[in-house]
Amino acid sequence: MSRPTATSTNLSPTSVCPAELDPARLPVHVAVIMDGNGRWAESRGLPRLMGHRAGVEVLKSTLRLCSDWGIEALTAYAFSTENWSRPGDEVNSLMTLFERVLQKELRSLEQEKVRIRFLGDLDGLPEKLQNLIDDATERTADNSGIHFNVCTNYGGRRELVRAAQSLAQRAAKGDLSPEAIDENSFSRELFTAGEQDPDLLIRTSGEYRISNFLLWQLAYAEIHVTDVFWPDFNANTLKQALLDYQGRNRRFGGLDPITP
Ligand code: FPP
């Protein structure tokens with residue numbers, strides 16, 4: 001992504017891809033489970049919301065690093081269909097935080113040519129947030145820079161059921177033959193339609209779980225788990241994740257390494 005000269009305090013200086021990384025073998029698409037905001041805050045005697053606020057700053061800097069280093073897509077798990085079960089205060093604070101971030105950051109996302117999309121059951125979000133999401137999606141739709149996907153009210157199982165329902169409805173109407181359903185047509189029904197599957201999944205805070213995230217799309221992703229809490233994730237921990245990725249042999253079920 002080519003970025004304009006930094007004229008606003010929102011824009012950090014461009015950083016180059018670290019020399020230890022092979023720029024020709026970077027993942028095209030990185031997915032992140034940003035875990036540990038609450039524990040990061042609690043370990044400092046702060047309210048959990050402070051952890052989420054710090055998490056937003058880290059997400060912004062991770063997006064810039066990915067873009068600067070040549071990664072084409074970043075997909076972040078911001079709010080799952082299961083997160084509604086958290087205390088009402090925390091859910092409300094998160095929704096307000098999402099709204100504020102969108103209001104505050106849209107201009108710099110536009111300037112930096114980021115294409116932002118929100119993946120999930122957006123109808124279930126507060127109306128104000130839905131309007132901000134629609135505006136941000138529309139205003140950045142033609143941008144040529146990094147694809148930034150924010151999974152919000154997202155659940156992998158729900159996404160798969162929704163895709164199956166959509167295909168079944170088309171088949172019931174006679175618009176689609178059941179035999180014509182294949183992996184490509186199924187993928188096109190997912191929120192990620194048109195996006196290459198993630199090559200690398202990073203999960204912070206040392207938890208070895210997928211947590212209902214991108215269940216279909218992560219089929220062949222390499223998984224990197226780091227012990228750091230999300231608000232402590234930085235250029236160095238991103239580099240470590242990418243070095244780990246570059247050390248893997250991706251065989252996609254075959255015997256020989258394949259570069260997708
Ligand atoms: C997981 O930490 C994090 C979340 C549920 C929220 C993450 C959301 C953001 C960083 C904001 C992104 C916003 C936009 C608009 C892009 P946790 O609370 O589960 O941490 P814990 O496991 O330590 O309790």
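In this text the structure is predicted, and so the values were computed from the model without any measurement.

Quick notes on the rules
- Residues numbered from 1 in each chain as written.
- Predicted model: local features only at pLDDT ≥ 70, side-chain atom pairs only at ≥ 80, totals over all residues.
- Heavy atoms only, no water.
- Axes fitted to C-alpha atoms, helices over the stretch in contact; angles between N-to-C directions.
- Helix = DSSP H or I, 4+ residues; strand = E, 2+ residues; numbered from the N terminus.
- Parallel < 35°, antiparallel > 145°, perpendicular 65-115°, else oblique.
- Left-handed = near helix turned anticlockwise from the far one by under 90°.
- Contact = heavy atoms within 4.5 Å.
- Nonpolar A, V, L, I, M, F, W, Y, C, P; charged D, E, K, R; others polar.
- Patch = residues over 30% accessible without salt bridge, like charges linked within 9 Å, V, L, I, M, F, W, Y side chains within 5 Å.
- Areas by Shrake-Rupley, 256 points an atom, 1.4 Å probe, with all protein chains shown as cover.
- Salt bridge = Lys/Arg side-chain N within 4 Å of Asp/Glu carboxyl O.
- Buried < 20%, exposed > 50% of the residue type's maximum accessible area, 1.4 Å probe, protein only.
- Near = heavy atom within 4 Å.
- Polar contact = N/O pair within 3.5 Å; in protein donor to acceptor, adjacent residues only side chain to side chain.
- Pairing = 2+ DSSP bridges.
- pLDDT = per-residue confidence, 0-100.
- Expected span 1.5 Å × (residues − 1).
- Arc of directions from axis to C-beta.

### Some details on the packing of helix α2 (residues 48-69) against helix α7 (residues 235-246)
Packing of α2 against α7 leaves a shortest axis separation of 10 Å and a crossing angle of 50°. Judged on the interaxial angle alone, α7 and α2 are oblique. When you trace α2 past α7, the crossing you get is right-handed. On the side of α2, the interface is formed by Leu65, Cys66 and Trp69, while α7 contributes Ala235, Leu238, Lys239 and Leu242. Grouping the constituent residues of the contact of α2 with α7 by class yields six nonpolar, no polar and one charged.

### Structural notes on a nonpolar patch on the surface
A cluster of nonpolar side chains, contributed by Ile210, Leu215 and Ile223, occupies part of the molecular surface with about 220 Å² of accessible area. Since its relative accessible area comes to 41%, Ile223 is described here as partly exposed.

### Looking at the site of the ligand
With respect to spatial proximity, 17 residues lie near the ligand, and among them Asp35, Gly38, Arg39, Arg48 and Arg86 are the closest. Here Gly38 contributes a backbone N or O atom positioned 3.1 Å from an oxygen atom of the ligand. In this structure, an oxygen atom belonging to the ligand sits 2.7 Å away from a main-chain N or O atom of Arg39. Here the ligand, which alone exposes 630 Å², has 91% of that area covered by the protein. Taken together, the elements giving at least two residues each to the shell around the ligand come down to α1 (37-42), α2 and α3 (88-111). Element by element, the count of residues in the shell around the ligand is highest for α2, at five residues. Its residues assigned to classes, the shell around the ligand shows seven nonpolar, six polar and four charged.

### Re the environment of Leu109
By the element assignment, Leu109 lies in helix α3. Taking the C-alpha atoms as reference, Leu109 lies 31 Å from Asn184; in sequence the two are 75 residues apart. Leaving out residues up to four positions away in the same chain, Leu109 has contacts with Leu63, Val114, Ile116 and Asn143.

### Focus: the sheet that holds strand β1 (residues 29-33)
Reading across the sheet, the six strands line up as β3-β4-β2-β1-β5-β6 and stay open at both edges, with parallel pairing between neighbours. The strands lining the two open edges of the sheet, one partner per strand, are β3 (115-119) and β6 (222-225). Across this sheet, the average inter-strand angle for adjacent strands is 20°, counted without regard to direction. The sheet contact formed by β1 and strand β2 (residues 73-80) spans five bridges and is parallel. In the strand pairing of β2, Val30 is matched with Leu74. The strands touched by α3 within the sheet are β2, β3 and β4 (147-154), with β2 carrying the most contacts at an inclination of about 155°.

### What to know about the confidence of the model for the protein chain
When pLDDT is averaged along the protein chain, the result is 93; 95% of the residues meet or exceed 70. Here residues 1-11 is modelled with pLDDT under 50, and outside its nearest four sequence neighbours on either side it reaches 23 contacts, counting other chains as well.

### Notes on unusual backbone geometry
One non-glycine residue, Lys113, lies in the positive phi region at around 65°. By the element assignment, Lys113 lies in the loop between α3 and β3. What makes Lys113 partly exposed here is its relative accessible area of 33%. The phi torsion at Ser205 lies on the positive side, around 75°, for a residue other than glycine.

### Focus: helix α4 (residues 127-140)
Between its first and last C-alpha atoms α4 spans 20 Å; for 14 residues at 1.5 Å apiece the expected length is 20 Å, and the two agree. Of all the residues in α4, the buried ones are Leu129, Leu132, Ile133, Ala136 and Thr140. One side of α4 holds all its buried residues, which, seen down the axis, span an arc of 100°. Every exposed residue of α4 that faces more than 90 degrees away from the buried side is listed here: Glu127 and Glu138. Where α4 is buried, its residues contact α3 and β3.

### Details of α7
Taking 1.5 Å of rise per residue, 12 residues should cover 16 Å, and α7 covers 16 Å from first to last C-alpha, within 8% of that figure. Within the sequence span of α7, burial applies to Thr237, Leu238, Lys239, Ala241, Leu242, Tyr245 and Gln246. Against α2, β5 (200-203) and β6 lie the buried residues of α7. Two or three places before Asn236, at the start of α7, stands the capping residue Asn234, its side-chain oxygen 2.9 Å from that residue's backbone nitrogen.

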